[in-house]
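What the coordinates show
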Amino acid sequence: MAAVSRRPTIAIGATLFATMALLAVFAPLLGTTDPTAINPTARLQWPSAEHWFGTDMAGRDIYSRVIYGARVSLIVGVSVALLASVFGLFIGILAGFIRGLDGVLMRIMDGLMSIPSILLAIALVALTQGSLASVITAITIAEVPRVTRVIRSVVLSLREQPYVDAAISAGTTTPMIILRHILPNTLAPLTVQATYLCASAMIIEAVLSFVGAGMPPSTPSWGNIMAEGRAIWQVRLNIVLFPALFLSLTVLAVNLLGDGLRDALDPRAQRNA
Amino acid sequence: MASIILRRLLATVPVMGVVALFVFSLLHLSPGDPATILAGDQASPADVERLRDALGLDRALPIQFLEWIWRVVQLDLGTSIFTGLPVTDLIVQRLEPTFSLMGLTLLFSVLTAVPLGVLAAWRANTFSDRAIMAGAVLGFSVPVFVVGYILAWVFSIKLGWLPAQGYRPIENGFWPWLRNLILPSMALGFIYIALIARVTRASMLEVLGQDYIRTAKAKGVSRRGVLFVHALKNAAVPVVTIIGIGVALLISGAVVTETVFAIPGLGTLVVDAILRRDYPVIQGVILFFSFVYVLINLIVDLIYTVFDPRIRY
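Here the structure is a predicted model, which means the values were calculated and not measured.

A word on the overall build of chain B
The helix and strand inventory of chain B stands at 13 helices and zero strands. Ordering the α and β elements of chain B from the N terminus gives α-α-α-α-α-α-α-α-α-α-α-α-α. Summarising its shape, the C-alpha atoms of chain B cover approximately 80 × 55 × 35 Å along the three principal directions. Among the 313 residues that make up chain B, the fraction classed as buried is 51%. Of all intrachain contacts in chain B linking residues separated by at least 6 positions in sequence, the fraction that spans at least 24 positions is 70%. With the model as given, the accessible surface of chain B reaches about 14900 Å², and the carbon-plus-sulfur share is 67%. Looking at chain B, you have 24 positive and 19 negative side-chain charges, and the mean spots of the two groups are 19 Å apart.

Things to note about the overall build of chain A
Broken down by element type, chain A carries 11 helices and zero strands. In chain A, the succession of α and β elements from N to C terminus is α-α-α-α-α-α-α-α-α-α-α. Judged by the C-alpha coordinates and their principal axes, chain A covers about 80 × 45 × 30 Å. Taking all 273 residues of chain A together, 55% fall into the buried category. Across chain A, the fraction of contacts at a sequence separation of at least 24, relative to all contacts at a separation of at least 6, is 72%. Put simply, chain A shows about 11500 Å² of open surface, and 69% of that area lies on carbon and sulfur atoms. If you average the places of the 18 positive and of the 14 negative side-chain charges in chain A, the two averages end up 5 Å apart.

Comments concerning the domain arrangement of chain B
Residues and elements named next belong to chain B. Here chain B is described as being made up of domain 1 (2-73) and domain 2 (93-307). For domain 1 versus domain 2, the separation of C-alpha centres amounts to 33 Å. Taken together, the contacts link 18 residues of domain 1 with 11 residues of domain 2. Here domain 1 packs against domain 2, burying approximately 1300 Å² in sum over the two surfaces, 84% of which is carbon and sulfur. Contributions of two or more residues to the side of domain 1 that touches domain 2 are made by helix H1 (2-29), helix H2 (34-39) and helix H4 (61-73). With 13 residues, the top contributor of residues to the side of domain 1 that touches domain 2 is H1. Of the residues that constitute the side of domain 1 that touches domain 2, the class distribution is 15 nonpolar, two polar and one charged.

Here's the deal with the packing of aromatic side chains
Taken as a whole and judged by the stated rule, the model has 10 aromatic pairs over all chains. Between B:Phe24 and B:Trp68, the ring centres sit 5.7 Å apart and the planes meet at 50 degrees, which makes this aromatic pair tilted. With B:Phe24 in helix H1 and B:Trp68 in helix H4, this pair connects stretches of sequence that are 44 residues apart. Positioned over the ring face of A:Phe97 is A:Arg159, at 5.2 Å from the centre of the ring. Positioned above the aromatic ring of B:Phe82, the side-chain terminus of B:Arg276 is 3.7 Å from the ring centre.

Brief notes about the pattern of salt bridges
Residues and elements named next belong to chain A. Under the definition given, this model contains 10 salt bridges over all chains. For Arg146, the salt bridge identified is with Glu143, shortest N-O distance 2.6 Å. You can see Arg146 and its partner Glu143 sitting in helix H6 (residues 132-159), three residues apart, about one turn around the helix. Residue classification places Glu143 among the buried residues on the basis of a relative accessible area of 0%.

Remarks on the nonpolar core
A:Ile139 and B:Phe145 are the most contacted members of the largest nonpolar core, which totals 177 residues. For this core, the element with the most residues is helix H3 (residues 62-97) of chain A, which contributes 17 residues. The two domains that each donate at least three residues to this core are domain 1 (2-73) and domain 2 (93-307) of chain B.

Focus on helix H9 (residues 222-229) of chain A
The element H9(A) is extensively covered by neighbouring structure, given that seven of its eight residues are classed as buried. For H9(A), the set of buried residues is A:Trp222, A:Gly223, A:Asn224, A:Ile225, A:Met226, A:Glu228 and A:Gly229. Summarising the contacts, the buried residues of H9(A) are in contact with H3, helix H8 (174-210) and helix H10 (237-265) of chain A together with helix H7 (144-158) of chain B.

So, the interface of chain A and chain B
Contacts between chain A and chain B engage 47 residues on the former and 48 residues on the latter. Around 4000 Å² of area is buried between chain A and chain B when both sides are counted, 74% of it from carbon and sulfur atoms. Area buried by chain A at its contact with chain B is led by A:Leu119, A:Leu127 and A:Trp233, which between them contribute 18% of it. Counting across the chain A and chain B interface gives one salt bridge. The salt bridge involving A:Asp259 is made with B:Arg198; its shortest N-O contact spans 2.6 Å. Counting across the interface, chain A meets chain B through three residue pairs in polar contact (both at pLDDT 80 or more). For the side of chain A that touches chain B, the leading source of residues is H10(A), giving 12 residues. When the residues that make up the side of chain A that touches chain B are grouped by side-chain class, the tally is 30 nonpolar, 10 polar and seven charged.

Looking at a nonpolar patch on the surface
Side chains of A:Leu241, B:Ile150, B:Val154, B:Leu159 and B:Trp161 sit close together on the surface and give an oily, nonpolar patch of about 440 Å² of accessible area. Here A:Leu241 falls in the partly exposed class, since its relative accessible area comes to 34%.

Describing the environment of A:Asn238
Residue and element names in this part refer to chain A. Mapped onto the elements, Asn238 comes out in helix H10. Separated by 183 residues in the primary sequence, Asn238 and Thr55 place their C-alpha atoms 8.8 Å from one another. If sequence neighbours within four positions are ignored, Asn238 has contacts with Gln45, Trp46, Pro47, Phe53, Gly54, Ile62 and Pro243.

Structural notes on helix H11 (residues 247-260) of chain B
Residue and element names in this part refer to chain B. If you check H11, its first and last C-alpha atoms are 19 Å apart, about what 14 residues at 1.5 Å a residue would give, namely 20 Å. The axis of H11 is deflected most strongly, by about 30 degrees, at Ala254. A large share of H11 lies buried, amounting to 13 of its 14 residues. Taken from the residues just after H11, Ala262 is the one with a positive phi, measuring 50 degrees.

Regarding unusual backbone geometry
All names here are of chain B. Even without being glycine, Leu75 reaches a positive phi, approximately 65 degrees. If you check the backbone angles, Asn125 has positive phi at about 65 degrees while not being a glycine. Topologically, Asn125 is positioned in the loop between helix H5 (87-122) and helix H6 (127-141). Residue classification places Asn125 among the partly exposed residues on the basis of a relative accessible area of 40%.

What counts and what doesn't
Residues numbered from 1 in each chain as written. Chains lettered and ligands numbered in written order. Predicted model: local features only at pLDDT ≥ 70, side-chain atom pairs only at ≥ 80, totals over all residues. Heavy atoms only, no water. Helix = DSSP H or I, 4+ residues; strand = E, 2+ residues; numbered from the N terminus. Buried < 20%, exposed > 50% of the residue type's maximum accessible area, 1.4 Å probe, protein only. Contact = heavy atoms within 4.5 Å. Areas by Shrake-Rupley, 256 points an atom, 1.4 Å probe, with all protein chains shown as cover. Lys, Arg positive; Asp, Glu negative; His and termini not counted. Charge placed at Lys NZ, Arg CZ, Asp CG, Glu CD. Domains from an automatic or database assignment. Buried area = accessible area lost by both parts, 1.4 Å probe. Nonpolar A, V, L, I, M, F, W, Y, C, P; charged D, E, K, R; others polar. Phe/Tyr/Trp six-rings, centres within 6.5 Å; stacked < 30°, edge-to-face > 60°. Lys NZ or Arg CZ within 6 Å of the ring centre and 35° of its normal. Salt bridge = Lys/Arg side-chain N within 4 Å of Asp/Glu carboxyl O. Core = buried A, V, L, I, M, F, W, Y, C linked by side-chain atoms within 4.5 Å. Polar contact = N/O pair within 3.5 Å; in protein donor to acceptor, adjacent residues only side chain to side chain. Patch = residues over 30% accessible without salt bridge, like charges linked within 9 Å, V, L, I, M, F, W, Y side chains within 5 Å. Expected span 1.5 Å × (residues − 1). Bend = angle between axes of the 7 residues up to and from the residue.

Dropping the structure here:
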């Protein structure tokens, strides 16, 4: 843990991410108005004292929409990271331990991985009406194969360790070996992977909404705000710029966190750093 | 060599099988009756029945799957609900813009990223290394549409140097074609450059610590010779791998880039199809893109043997 706190990337990433999380939680208290309130007399305004980031085509306050948009992004990012980690861990351990399943599971994962993740997610959301749950489900399905692959390779290398051999010859049952020797050793790579999942999920969510296949259009999400600014970006760049800036900063925060954790948790990477 | 190619080719069959199964399931997982969806909003009940009969949609699912695969293998991807045109024709019409965009991005990304990665490894832990790696983190964090809009705003709206929207076919001249693709390629290449530069650096660092590099230096090989001949050739396998895997990023990114820059390619085709729930087009484009991805990675696998003759399948 000492190695974690010494790294500036982790400190910067964690601070930025915490700030975004606070914005999301306290959105109603941050001088925002109703993010869905339409005001036809105040359409397409530039940033001003009254509307810090300007207004969109329906006269909605972009500052309020961007702050509330942090909620959607963070919920999607964190949920996908958790769900995909859990499923990936489960399938990865199954594949790593049960030889008969390995081939089948990994072929399925290879197949899913050869469908570009944004297209896979778009196709899955297109099946249903866009909603928070369907967006999270779709992105999770698109991300699980990557986690599975990482976990499976970790499990396969752990199985060759002398202490696992020792446990097997001592008559330890397979579930006990998984619990005692395998699971704890997957935590470090899984944590690092989860941060990248979170970053990638936030980007995919924004892309889904941006192309019109994500959250319902009235929901204030960064992708939706950008989608509204898409037609008029040449004259009103502020509509796409502010949500874009917040999205980039949040993804940057998560990536810094992930890079820092990777270097701190992987002694091999430290040597090269 | 022929047997290597054949074996690798066979290995792609199960992967494409899974892709095909997924794409096939899309229509059947969607709420509603497939025949009604495929016939479109204007269809009469008789039309729906005729279509159900023609496509065999009343048969058992495994049979339908095999029949569908058989049609796909013959390049029959069905008919677009919205336009009524064969999906294969729609895809062929959109190939040039998308391949131009992806090809140009690939070319300029590799030409930028590999030297950057080599420089960062050679200058490890100096200012230039840190600057390049910080740039790479940014590249991973700033999504393609953000880069796209900023580039278009600066170089098109403000400076007026390059067009912000649209596509010119190459048959109307090389320069108009290139001009329209410069900004989209830069936007799309941002993350790809970051990825390749990072892997190049890591792979080069590994190699630069080897004895044969010290030997090469000791016998007086020039710095450029050591870096680009002795080191880079041995560091090439991970780099080539990531160039292949990164094509998935290019494909996903192309969907967004084409939307931002209004390029009439496969990306805009699939986005429009999703908004119209035009399932045959969605299925066709996903199948096609996945096929391209698998094919490129097959080629990458075969390139390995050029860089590292020890690799044999």
